[in-house]
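Chain residues, written in single-letter form:
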Amino acid sequence: MPLVSMRQLLDEAAKGGYGVGAFNVNDMEQIQAIMAAAKETNSPVVIQASRGARAFAQDRFLFHLILAASELYPEIPIAMHQDHGNSFETCKSAIELGYTSVMMDGSLKEDGKTPSSFEENVAVTKKVVDFAHARGVTVEGEIGVLGGIEDGHGAGGSGLEHVTDPDQAVEFAELTGVDALAIAIGTSHGAYKFSKKPDGSVLKMDVLIAIHKRLPNTHLVMHGSSSVPKDLQDIVNQYGGKLKETWGVPVEEIQLGIRNGVRKINVDTDNRLAMTGAIRKVLWTQPEKFDPRDYMKPAREAMQKVVALRMTQFGQAGHAGDYAPISIAEIAKGYADGTLTTQPLVAAK
Ligand code: 13P
């Protein structure tokens, strides 16, 4: 199957009432793990690359690896997504390379660290929307600012510093015409999200529900959504790791989000932990090993297990064959003639 537009993938998820995991990749084994999990569970999927990933792997290597995935698994709809684009230029380069979806994270300035103004965010996001939609490419925007830092991108600090204001979310969606909206509800990137199992004082599901009430048809995106399971932390620490005690986003909270408009769920840290734990275990228990395949194979299998579990928990499992891909050129026509709406449905307060 050719790569599909993320808009189509999320529209279908909305129809089916499920969420779609968006998994970060840097290398071949991670892409293979995701595709093996997608095949095992018959799931559509978003494969996403941050700027850091594009630099690490080199653009063309990563692009062609994801293309290889679409050739090898023609039955699986895959959207190729730029995670946290920091500028119009970053998004433009991803689109020109062949990505079918981009995130313009205008919640931060181009340095990827300093929170921007609402007006700056709207201006740069709208510019990306105009460029992307003319080419049939999906755009995710962000309103409010996530906590933590990932791949050098992020404001740092706690996720509670810039929680999304529902009124601003409505205005932002109206002014930009984004296809998907990332919101800040107290989560942050990385392993250290919460110092205990999160409750409503730190994980603002009430804000998410309030935004969904005002924007009932807008595809919401949850970033920083790794659950950081204790068993994965334990494997890392059992074999020489030094992770401090930490909590992520419980899966049942993500499922509550999915019942309230969340269609895309970003997961990176859980896969990093799974791979690192598996690699540590081999190197710790079998120190005579030196063939990278001896630890990369279990690492790939460990990641496949986590991804397959999330696909089942998010509800995308079983939905790969529900629809035929619409070409990116047709999607571009849809934006141009208005059959693909970009103006959100707004409910009264
Ligand atoms: P985690 O660090 O929770 O996996 O979040 C990843 C993410 O949101 C990527 O954009």
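Preceding this paragraph is the structure being described.
Residue indices begin from 1 for each chain and proceed along its sequence in written order. Owing to the predicted nature of the model, reporting of local features is limited to residues with pLDDT of at least 70; listing and counting of side-chain atom pairs is limited to 80 or more, with chain, interface and lining totals taken over all residues. Hydrogens and water molecules were not included; the side-chain quantities draw on all heavy atoms of the structure.

**Student:** So what's going on with unusual backbone geometry? Which residues, and what values?
**Tutor:** Phi angles above zero are rare outside glycine, and Asn-42 is one such case at about 60 degrees. Burial classes follow relative accessibility: with a 1.4 Å probe on protein chains only, a residue under 20% of its type's maximum area counts as buried, one over 50% as exposed, and anything between as partly exposed. When its relative accessible area of 32% is taken as the criterion, Asn-42 is described as partly exposed.

**Student:** Describe the packing of aromatic side chains, listing the residues and the values that go with them.
**Tutor:** When the centres of two rings from Phe, Tyr and Trp lie within 6.5 Å, Trp using its six-membered ring, the rings pair. Their planes under 30 degrees apart give stacked, over 60 give edge-to-face, and anything left gives tilted. According to the stated counting rule, one finds two aromatic pairs in the structure shown. Judged by centre distance (5.4 Å) and plane angle (80 degrees), the ring pair of Phe-88 and Phe-131 falls under edge-to-face. In this pair, Phe-88 is assigned in helix α5 (residues 88–97) and Phe-131 in helix α6 (residues 118–133), connecting sequence segments 43 residues apart. Take Phe-88 and Phe-131: they sit in the same class, and that class is buried. Helix and strand definitions here come from DSSP, where helices need a minimum of 4 consecutive H or I residues and strands a minimum of 2 consecutive E residues; each element is numbered from the N-terminal end.

**Student:** How would you summarise the pairing of strand β2 (residues 45–49) if you had to cite specific residues and measurements?
**Tutor:** For β2, the tally of buried residues reaches five of five residues, placing the bulk of the element in the interior. Along β2, one buried face is formed by Val-45, Ile-47 and Ala-49 and the opposite face, lined by Val-46 and Gln-48, is buried too. As a crossover connection, the stretch from strand β1 (residues 20–24) through helix α2 (residues 28–41) into β2 is right-handed. A pair of strands counts as paired when DSSP detects no fewer than two bridges linking them. Direction of pairing for β2 relative to strand β3 (residues 78–85): parallel, over a ladder of five bridges. Each residue of the ladder has a partner; that of Val-45, found in β3, is Ile-78. Looking down the strands as they point away from you, a crossover is right-handed if its path from the first strand over the helix to the second goes clockwise.

**Student:** Could you give me a rundown of the site of the ligand, with the residues and numbers involved?
**Tutor:** Taken together, 15 residues sit near the ligand, with Lys-193, Gly-224, Ser-226, Asp-268 and Thr-269 positioned nearest. Any pair of N or O atoms that falls within 3.5 Å is considered a polar contact. Within protein, one atom must be able to donate a hydrogen and the other to accept it, and sequence-neighbouring residues count only if both atoms are side-chain atoms. Between the ligand and Gly-224 there is a distance of 2.7 Å, counted from an oxygen atom to a backbone nitrogen or oxygen. In the model, an oxygen atom of the ligand is placed 3.0 Å from a nitrogen or oxygen of the Asn-266 side chain. For the ligand, whose unbound accessible area comes to 310 Å², protein coverage reaches 100%. For the shell around the ligand, the secondary-structure elements that each account for two or more residues are β3 and β8 (262–267). Tallied by class, residues from the shell around the ligand come to one nonpolar, ten polar and four charged. Here a residue counts as near a molecule or strand whenever at least one of its heavy atoms sits within 4 Å of it. Per-residue and other accessible areas follow the Shrake-Rupley method at a 1.4 Å probe size, with only the shown protein chains counted as cover for residues. Only Asp, Glu, Lys and Arg are considered charged in this grouping, and only Ala, Val, Leu, Ile, Met, Phe, Trp, Tyr, Cys and Pro are considered nonpolar; every other residue, Gly among them, is considered polar.

**Student:** Tell me about the pairing of strand β4 (residues 101–104), and name the residues and values.
**Tutor:** Both faces of β4 are covered, namely the face carrying Ser-101 and Met-103 and the face carrying Val-102 and Met-104. Across three bridges, β3 lies against β4 in parallel orientation. Bridge pairing links His-81 to Ser-101 in β4. When β4 meets strand β5 (residues 138–143), the two strands line up parallel, connected through four bridges. Of the residues in β5, the one forming a bridge with Met-103 is Glu-140. Traced from β4 through α6 to β5, the parallel crossover comes out right-handed.

**Student:** Requested: an account of the side chain of His-81, with residues and values cited.
**Tutor:** On the secondary structure map, His-81 appears in strand β3. Relative accessible area serves as the criterion here: at 0%, His-81 is assigned to the buried category. Among the polar contacts made by the side chain of His-81, one reaches the side chain of Lys-264 at a distance of 3.5 Å.

**Student:** So what's going on with the sheet that holds β5? Residues and values would help.
**Tutor:** The strand order β1-β2-β3-β4-β5-β6-β7-β8 describes a closed barrel built from eight strands, whose pairing is parallel. When the angles between neighbouring strand axes are averaged without regard to direction, this sheet yields 25 degrees. With four bridges connecting them, β5 and strand β6 (residues 180–183) associate as parallel partners. Along β6, the bridge assignment pairs Glu-140 with Ala-180. By definition, residues are in contact when any of their heavy atoms lie within 4.5 Å. To define axes, lines are fitted to C-alpha atoms, for helices over the stretch in contact only, and angles between the resulting N-to-C directions are given on a 0 to 180 degree scale. Packing of helix α7 (residues 166–176) onto the sheet brings it into contact with β5 and β6, and relative to β5 it is tilted by some 150 degrees. Across the sheet, helix α12 (residues 292–314) is in contact with β1, β2 and β8; its angle to β1 comes to roughly 155 degrees.

By themselves, these are just geometric observations and shouldn't be taken as functional.
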